[in-house]
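The lines below spell out each chain.
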Amino acid sequence: MSSSDTDDAPDGGEDSPLFRRSGGPSSSGGAVADVPVSQSLIKAASNVCFSLFVLTVLVVTVVAVTYQPPDPWFQSSAAITTSLSRVLPNSTFLVPDDSLLPTGEDFNSSSAVPAPARDDDDAAAAAVVSTASAAAAGNRTCDPNAPLNCSDPRVLAAVKAFNARAFSRKSIVFLSYEAPVPGPKPGQCDVAWRFRNRREKSWRRYRDYRRFSLTSGDGCALDIVSVGKFRSGTNAARRPYPKGPKRPRVSPPPVDAEINDTIPVVGSEAEFKKGKYLYYMRGGDHCKSMNQFIWSFLCGLGEAKFLNRTFVMDLNICLSGAHTVDGKDVDGKDFRYYFDFEHLKESVPVVEEGDFLKDWKRWDKKKGPGRITVRKVPSYKVTPMQLKRDKSNIIWRQFNGQEPENYWYRVCEGRAAKVIQRPWYAIWKSKRLMNIVTEIAGRMDWDYDGLHVVRGWKAQNKQMYPNLDSDTSPDALVDKVTKLVKPWRNLYIATNEPFYNYFDKLRSHFHVHLLDDYKELWSNTSEWYNETTTLSRGKPVPFDAYMRVIVDTEVFYRSKAQVETFNNLTRDCKDGINTCNL
């Protein structure tokens, strides 16, 4: 290189830090040319940034494809409150609304007794088996040819051991057993027990009784030859009718002795005047959908709890036409047909409106120290915070305005929404209806899969649900369900489709069960019929559409594999077009 070339090199020539020599001093003329360090750094930075961009795009794409927002119906009561508050900006509910709003036993409530862990149940089952074996081995003086005596301790031990093995991997937790009683034939014993279901988050107990055929086994042990199905051991069941030649025209008290939904009464005048009450006059929520009734009713209970008062409730409710066969509203329904009044009165202080008004009229004095003080609240705009320090005996909220100004739940909107907590834990579904749920699930031995098919008015509304009708057609159901459920499984279909034979094509692949297959559970010879007739003072109670929704949905909740309409069967959104991301 000439001196002139060296002098022309910028920034100090070869010794400049902006140049890098790829070869040594003795490199040949074919060596790689010098590359600026700044360009190398810029190129490396560009490659890193591009790699990060590609990685970010991949991550966002995967999340967008696989992410599903959590369903608030299967979360806490706070989540469902937030969800409903979010969809009520204009203080109105979707009409018609024939869905089922979850209640307290569907949530992980702190008031419910927690279900024992599965490992604990399996350990307990193993312990039962060991105990039964030890009991059989300890009795060496038995006569294997002697007739079976159902009062023999070995009978109950054998039944416990069998149940521990048969139900160890199902959702049943055994709580207590009753003494075995003889069956109709020699060698048969009927045994009753109480249990709870892990899939139900309440502490409710249910009853089952089955018929066992036993024979002598090795040594002095007893072997179970055959077992009847759910509630087949009728000799161990409690008789619904008293013995004797005369029977009352109205059915006797309910067979389920654990149901106690009698109406609480105020014992004395002094007790009545000492109490503090919150009384909601009937408003625009009357004869609206059951979901709106629950939402408004829980608002009243929440305000009563905030004010530390007893809530005055009307047991007579109106069933909206959305839940009736003919589409007409039906007034005069008893709250206890649908919900657990016993659990409600144990959870929050309530009194029945009719008895309350009678006591108020009887014990109120117009003047003097015995006068019952009343504060009338004409508008929902008077917030619960403004009533917190009120000393009146009765706070009487009146809802005389026009809809939606006269809806109960308006009280809990605005600033009040931050302080009023709806007591979701206080509302459970009726134990009488849940007994039907248990019966249906028990007849399938709690070993079944569930299919939820939503049709009805949604399938007819092509604007909100353009694909639902075709996606839930018989052929489409066969094509999709056979890929999601194993063949010849018990398949319970919860649906609002009125035509019984609509699902016949699925019967070629599964053991199909529909709610109408169990009509005898609410017929005029059923336990449910006797109990509800007692509540209605001898008047038969129809098994209406909302009761069907409760039973249908709860049986579906207890299934193993669950196939949902808006998660598995159709591309439409649950609340209509363009609502999937709301």
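Structural data are supplied above this passage.
Read on for an overview of the structure. (Residues numbered from 1 in each chain as written. Predicted model: local features only at pLDDT ≥ 70, side-chain atom pairs only at ≥ 80, totals over all residues. Heavy atoms only, no water.)

What follows concerns the side chain of arginine 210. With respect to the helices, strands and loops of the structure, arginine 210 is situated in strand β4 (residues 206-216). Residue classification places arginine 210 among the buried residues on the basis of a relative accessible area of 4%. Within polar-contact distance, the side chain of arginine 210 engages the side chain of aspartate 445 at 3.2 Å. (Helix = DSSP H or I, 4+ residues; strand = E, 2+ residues; numbered from the N terminus. Buried < 20%, exposed > 50% of the residue type's maximum accessible area, 1.4 Å probe, protein only. Polar contact = N/O pair within 3.5 Å; in protein donor to acceptor, adjacent residues only side chain to side chain.)

On the surface, a cluster of nonpolar side chains totalling about 490 Å² of accessible area is made up of Phe50, Phe53, Val54, Val57 and Leu58. Given a relative accessible area of 51%, leucine 58 falls into the exposed group. (Patch = residues over 30% accessible without salt bridge, like charges linked within 9 Å, V, L, I, M, F, W, Y side chains within 5 Å. Areas by Shrake-Rupley, 256 points an atom, 1.4 Å probe, with all protein chains shown as cover. Salt bridge = Lys/Arg side-chain N within 4 Å of Asp/Glu carboxyl O.)

Bringing the sheet that holds strand β10 (residues 350-352) into the picture now. A sheet is described by the order of its strands in space; here five strands give the open sequence β10-β7-β6-β12-β11, paired in parallel fashion. Strand pairing shows two members of the sheet lacking a second neighbour, β10 and β11 (374-377), which therefore form its edges. Here the average twist between neighbouring strands, direction ignored, is 25°. Pairing geometry for strand β7 (residues 310-313) and β10, over three bridges, is parallel. Bridged to phenylalanine 311 within β10 is valine 350. Along the sheet face, helix α10 (residues 353-363) touches β6 (277-280), β7, β10, β11 and β12 (394-397) and points at about 80° away from the line of β10. (Pairing = 2+ DSSP bridges. Axes fitted to C-alpha atoms, helices over the stretch in contact; angles between N-to-C directions. Contact = heavy atoms within 4.5 Å.)

The next thing to look at is the sheet that holds strand β13 (residues 449-453). Strand order in the open sheet formed by four strands is β15-β14-β13-β16, with parallel pairing between adjacent strands. Among the strands making up the open sheet, the edge pair consists of β15 (511-513) and β16 (562-563). Pairing analysis gives five bridges linking β13 to strand β14 (residues 490-495), with the strands arranged parallel. Residue pairing in the sheet places glycine 450 in a bridge with tyrosine 492 of β14.

Turning our attention to the nonpolar core. Counting 84 residues, the largest nonpolar core has Phe297, Phe311, Phe335, Leu344 and Ile440 as the members making the most contacts within it. If you tally residues by element for this core, the top one is helix α7 (residues 290-307), at 10 residues. Not counting the four nearest positions on each side in its chain, phenylalanine 297 is found in contact with Phe311, Met313, Phe335, Leu344, Trp408 and Ile427. Membership of the second largest hydrophobic core comes to 16 residues, among which are Val512, Leu514, Val563 and Leu569. (Core = buried A, V, L, I, M, F, W, Y, C linked by side-chain atoms within 4.5 Å.)

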